[in-house]
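# Structural overview
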Amino acid sequence: MINIRKTGDLKRILILLAVFFLLCPPALGQVKKVALFPLAFNGDASKDYLKQGVRSMLLSRLDNQDLEVINDEIMNSVFEDQNADEVRSPKKAEAVARRMNADYAIFGSINALGDDCSIDLGILDLQQKKPKPEWLSASAAQDDLIAAVEDLARKSQAAISGKQAAAALKKQPPAEVEPDKKRTAGGIFLEQQKSSLMIEPDGSLPLDMAVMAFDTGDLNGDGSMELVVLARKQVRIYTRSQDGFALQDTLKPSSGRSFLQVSTGDADGNGKDEVCIVSGHGIRAESSVWEWDGEFKRLYERNGHLRITKLGNNGNPVMLFQESLSQEDSFFYGDIWVMKIDRQGNPVKEKALALPDGAQFYSIIFRDIIGDNQMETLFLGRINARQRGLLHLGNAEGQTIWQSD
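As a starting point, this report considers the structure included with it. This structure is a prediction, so every number in the text was calculated from the model and none was measured. (Residues numbered from 1 in each chain as written. Predicted model: local features only at pLDDT ≥ 70, side-chain atom pairs only at ≥ 80, totals over all residues. Heavy atoms only, no water.)

With respect to topology, 4 strands assemble into an open sheet ordered E7-E8-E9-E10, the strand pairing being antiparallel. Strand pairing shows two members of the sheet lacking a second neighbour, strand E7 (211-217) and strand E10 (244-251), which therefore form its edges. Each neighbouring strand pair of the sheet contributes to a mean axis angle of 25°, computed without reference to strand direction. Across 7 bridges, the pairing between strand E9 (residues 234-241) and E10 is antiparallel. Considered in E10, the bridge of Thr239 is made with Ala246. (Pairing = 2+ DSSP bridges. Helix = DSSP H or I, 4+ residues; strand = E, 2+ residues; numbered from the N terminus. Axes fitted to C-alpha atoms, helices over the stretch in contact; angles between N-to-C directions.)

Below is the structure:
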C-alpha cells in the first residue's frame, strides 16, 4: 500500500496522472478521423446520381462512436477553388487528407454500365509515414447496390479498426462441380412431370472473385465452347471437362486499369471467336480485342467501347462501337456505330445506327421480334425521372415501334 503523507504529494500525483492520460489516451477509446472524398464516376451521365447516393450511404454507415467522418464544410474549405472530385490518386488523397489532420483517407470510383455497378475504394492509413492503399471492391446490379455498399462499409470499418472481418476474409474451400443428376429419356419420350417444367442447374462453378460479366465462344476453333469470366482485375478462360469446368488461362489488366465488360464473337470471320474486353482508365473506356488458342494474343486496341453481338439468334456476329472521352459526362459519347474489319485486320466505322439519344450501348440486341422477316433493335433508353430506363423496340429506320411504360 502507498502511504501519501502530504496533500502536496497527492496533488503532484494527480497532476502527473492527468498529464499521462492526456498524452497517452487509451487506444480503444480514441476516435479516428476519416476523410471520405467524393467518388469519381464513370458511366452514363443519367446515372451520375449514384455518385452522391453511394457516398451518402458510406457516410451514414462509417460515422459512429469509433470513427468521425470529416464533414463537407471542412473538406470544401481545404479545397477552396479546387474540385474535390479530382482526388483520384493515392498521392493526392494523402496530401489533402493530411491537411485536414485525418487519420485515414478513403477515395475511389464508381463504374456503371447498363444495370451493373462496380465500386472501388482505396483506404490510406495516414498514421504510417508512407501509407500504401488497401483496395476494396464490390460489384452488383443496381437492385442489390445497397447490400454491396453495406458490405464495403463493413470491410472499411474492419480495415480502419485493424480488425479482420471474418466474413470478409473467410475463404471458401474449393468445391467440385456436382455430378449430373440421373436423367430420364428426353425429347418426345420425356414423361412430363412437375419437376421437368422447371429449369434446374446442370452444375456449379465456385469462383473466388466478384463476377461482372461473362460470355461463351469457340475461341480456338475446335468446335467446343469456352467460358470467359470477367472480374475487375482478371479475365479467366474455362473449358468444359467431364468433371465440370477447368481453368485454362488468366489475363490481368495493365497498370491503372480495371476490366468492365467482355463479349465474344468471330468478328473477323476466321472461324475463331475473338474476346473483346472493355477496361476503365481514368474517366474513359478503352477496348482491346484478343485471340485465345491456349494463350492470349492481342489483336488491336482503341479508346472507346467495343462489343461483339449477333444479328438474330444464330446470325452473323456484328461489332458495335461508341466513343469515350476524357471529359465530364462523356464516358459514352456520340453515335453508336457498326464496325467492319479492314484488310489490315483493324476495326473501322461502317455505319451509324439510327437510335435516339440516350440509347444504352450495352443493352442493344438485334432480333426479328415481331416475325416480319426484318431485324428489329431492342434496347434500353435514357433513364427517366423514376431512375428507370424504358425498353424500346425500333426498326431499321430508327422509328420506335413500341416502348414500355
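As a further point, take the environment of Asn111. Examined against the element boundaries, Asn111 turns out to sit in strand E4 (residues 104-113). The class for Asn111 is buried, based on a relative accessible area of 4%. A C-alpha to C-alpha distance of 9.6 Å links Asn111 and Lys51, two positions 60 residues apart in sequence. Filtering out sequence-adjacent residues up to four positions away, Asn111 remains in contact with Asn42, Asp116, Cys117, Ser118, Asp120, Arg232 and Leu260. (Buried < 20%, exposed > 50% of the residue type's maximum accessible area, 1.4 Å probe, protein only. Contact = heavy atoms within 4.5 Å.)

Turning next to empty space enclosed by the protein. Under the defined criterion, the tally for this structure stands at 1 cavity of 30 Å³ or more. Roughly 30 Å³ of internal volume is contained in the largest cavity. In terms of lining, the largest cavity is formed by Asn111, Ala112, Leu113, Asp116, Met212, Leu260 and Gln261. Of all the secondary-structure elements, those providing two or more residues to the lining of the largest cavity are E4 and strand E11 (258-265). It is E4 that contributes the most residues to the lining of the largest cavity, 3 residues altogether. The class makeup of the residues in the lining of the largest cavity is 4 nonpolar, 2 polar and 1 charged. (1 Å grid on protein atoms, 1.4 Å probe; cavity = no way out; pocket = protein on both sides within 12 Å on 5 of 7 lines; lining within 4 Å. Points joined across faces, edges and corners; volume = space filled by probe spheres on them. Nonpolar A, V, L, I, M, F, W, Y, C, P; charged D, E, K, R; others polar.)

Turning to the nonpolar core, a few remarks are in order. The biggest cluster of nonpolar side chains holds 28 residues, and the ones touching the most others in it are Val54, Leu58, Ile106 and Ile119. Where this core is concerned, the elements lending two or more residues are strand E1 (32-36), helix H2 (49-62), strand E3 (67-69), E4, strand E5 (116-125), strand E6 (134-141) and helix H5 (145-161). Sequence-distant contacts of Ile119, that is, excluding residues within four places in its chain, are made with Val54, Ser109, Ile110, Leu136, Ser137, Ala138, Leu145, Val149 and Leu152. In this structure, Phe332, Leu355, Tyr362 and Phe366 belong to the second largest nonpolar core, which totals 18 residues. (Core = buried A, V, L, I, M, F, W, Y, C linked by side-chain atoms within 4.5 Å.)

Across the sheet, 4 strands lie side by side as E11-E12-E13-E14; this open sheet has antiparallel pairing. Two strands in the sheet have a free side with no partner beyond their single neighbour: E11 and strand E14 (296-303). For this sheet, the mean inter-axis angle between neighbouring strands, taken without regard to orientation, is 25°. The sheet contact formed by E11 and strand E12 (residues 274-281) spans 7 bridges and is antiparallel.

A separate point is the pattern of salt bridges. Scanning the entire structure with this criterion turns up 9 salt bridges. Across the salt bridge formed by Glu301 and Arg298, the nearest N and O atoms sit 3.6 Å from each other. Glu301 sits in the exposed class, given a relative accessible area of 51%. Among the salt bridges present, the one from Lys349 reaches Glu323, with a minimum N-O distance of 3.4 Å. (Salt bridge = Lys/Arg side-chain N within 4 Å of Asp/Glu carboxyl O.)

Nothing here speaks to function; it is all geometry.
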